[in-house]
Amino acid sequence: MTLPPTTAFAPAPPITPNLETPELEITLTKTQTKVKKVTQSSGSCGCTSKNENATGMSESIKARIDKHPCYSEEAHHHYARMHVAVAPACNIQCNFCNRKYDCANESRPGVVSELLTPEEAAHKVLVVASKIPQMTVLGIAGPGDPMANPEKTFRTFELIAEQAPDIKLCLSTNGLMLVDYIDRIKALNVDHVTITINMIDPKVGEKIYPWVHYHRKRYRGIEGVKILHQRQMEGLEALREADILCKVNSVLIPGINDEHMKEVNAAVQERGAFLHNIMPLISAPEFGTYFGLNGQRGPTPKELKQVQDQCSGNLKLMRHCRQCRADAVGLLGEDRSQEFTKEKFMEMPADYNLEQRQAIHLNIEHTRAELAAKKEAAATRQTPAKPESVKVLVAVATKGGGLVNQHFGHAKEFMIYEVDATEAKFIGHRKVADYCQGGYGEEAMLAGIISTIADCKAILAAKVGPCPQKELQKAGLTVIEAYDVIETVARHFYDEYILST
Ligand code: CLF
Ligand code: SF4
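In this report, we go over the structure that sits alongside the text. (Residues numbered from 1 in each chain as written. Chains lettered and ligands numbered in written order. Predicted model: local features only at pLDDT ≥ 70, side-chain atom pairs only at ≥ 80, totals over all residues. Heavy atoms only, no water.)

This part is about the packing of helix α3 (residues 118-131) against helix α4 (residues 150-163). As a packed pair, α3 and α4 sit with axes 9 Å apart at the nearest point and diverge in direction by 35°. Two packed elements cross with a definite hand, and for α3 against α4 that hand is right-handed. Across the interface between the two elements, Pro118, Glu119, Ala121, Ala122, Val125 and Leu126 of α3 pack against Lys152, Arg155, Thr156, Leu159, Ile160 and Gln163 of α4. (Axes fitted to C-alpha atoms, helices over the stretch in contact; angles between N-to-C directions. Helix = DSSP H or I, 4+ residues; strand = E, 2+ residues; numbered from the N terminus. Left-handed = near helix turned anticlockwise from the far one by under 90°. Contact = heavy atoms within 4.5 Å.)

Below is the structure:
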């Protein structure tokens, strides 16, 4: 296809990341971006992202979340987490859960993790720590509830704390038994705990939880929900008291707790939660859950964003959650669990090497500092003034590192940024079918991808083939080919295509 004539931007300042990122500069054009090699470097201090600064977070808190891919949106471009499935039992029933699969409070349904003993889990962590040195966090999130399996959970944490001291420990629970174990959690230096809280009004909770098993007795209906609610609130307060960072996950269920979410958000903030992750209900009849079988749908991306926006301002919101599985391995959004099945990892040597890991992390930190300087430059760059700053969405193909660096056809998800005259802000991600299947684009898939990002004004990707490029343009999306920091490319696009029109 012949591309329309081009109008070049002034070249963006170059970056020279240390790791695999090549030294490149971009020049955006009307429908594409020319990419060429540059040599100059732009060093600077390791500023935190604009969003994190905006929260007024203290330096000590920043240090505690700095390498946690879930607690820091910026860190998730660079650092990975892994889960070990050591906790099979659960003590409550959620209507969005089928016990055949993993705990739906932290994972997507339809996924069954291989159960491990604490010793097997520890071996797996040491193996992954050497193969994926950017893995900095070990989470226990199922397949049931970690606090319904305290001995297995704590034994695993003990083994990791002894053998891999630089790995942060993290857990996710429904909150029913959390208070009882707060001292052990603190003693093991577990600094990040997630409680899933879907309601603060037991009348809402009645529609979500049919029963709760507490102190050897099963409580049905509102009686059980009241116990769960009270224990969750106590859990939050105990975490605050113990100075453990707490994230709250909430599953957004249209028609049940969507209008209630603002109250949940305010209540958890009041009790010291650090971060609120409002996740969409994933529901389908084939998962065999109560909700799935009874036609309860999940929210659309628009509904999810609307509720998140209503809640933002009070408590920092997590928007980059990938609802990962109870044996997830890798960067958020990439799933490397199949490389480390039990059959495979038990044959691999546990080559954990602290010094080597630290050297690699130092390298990552250099890259982060350079990217932060580049983002800062994009944020403070003078833009032509416009009376009203229109906000637009752009879809980004990225394989990590905070860069536009992925081929359109290889993207399994797009990051969505909201851009205006002052900033480019990450607001979520959308999964799509892999367009390139064995090198051939599938027309039906392309239509699906286009409808998933139809509310976006542009697609930012390292490369877009001529056929999809034509279809994307027909659908009203501007195609920008670039290889650079996401915020920089997004701001260039905004200045050239939105402000100038
Ligand atoms: Fe795992 Fe959860 Fe810890 Fe992260 S996941 S226990 S806080 S290390 Fe992260 Fe996965 Fe979302 Fe959870 S992306 S489902 S929020
Ligand atoms: Fe399922 Fe998790 Fe709820 Fe337990 S807490 S019922 S494992 S979703």
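A word on the site of ligand 2. The immediate surroundings of ligand 2 are formed by 13 residues, with Cys90, Cys94, Cys97, Cys103 and Asn105 found nearest. Split into classes, the residues belonging to the shell around ligand 2 amount to 8 nonpolar, 4 polar and 1 charged. (Near = heavy atom within 4 Å. Nonpolar A, V, L, I, M, F, W, Y, C, P; charged D, E, K, R; others polar.)

Close to ligand 1 lie 15 residues, the nearest being His83, Glu106, Cys170, Cys321 and Cys324. When atom positions are compared with the pocket grids, ligand 1 is found to occupy the second largest cavity. Grouping the constituent residues of the shell around ligand 1 by class yields 7 nonpolar, 5 polar and 3 charged. (1 Å grid on protein atoms, 1.4 Å probe; cavity = no way out; pocket = protein on both sides within 12 Å on 5 of 7 lines; lining within 4 Å. Sits in = over half its atoms within 2 Å of the grid points.)

We now examine the sheet that holds strand β12 (residues 317-318). If you trace the 8 strands from one edge of the open sheet to the other, you get β12-β11-β10-β7-β6-β5-β3-β13, paired in mixed fashion. The open sheet has two edge strands with one neighbour each: β12 and β13 (329-330). As paired strands, strand β10 (residues 245-252) and strand β11 (residues 275-280) are joined by 6 bridges and run parallel to one another. Each residue of the ladder has a partner; that of Ser250, found in β11, is Ile278. Lying over the sheet, helix α10 (residues 301-311) contacts β10, β11 and β12, oriented at roughly 160° with respect to β11. (Pairing = 2+ DSSP bridges.)

A few words on the pattern of salt bridges. Per the stated rule, a full pass over the model turns up 29 salt bridges. With a closest N to O distance of 3.2 Å, Glu237 and Arg271 form a salt bridge. Taken together, the residues Glu237 in helix α7 (residues 221-241) and Arg271 in the loop between α8 (261-270) and β11 connect sequence positions 34 residues apart. Salt bridges sharing common partners tie together Lys305, Asp309, Arg319, Glu418 and Lys425. (Salt bridge = Lys/Arg side-chain N within 4 Å of Asp/Glu carboxyl O.)

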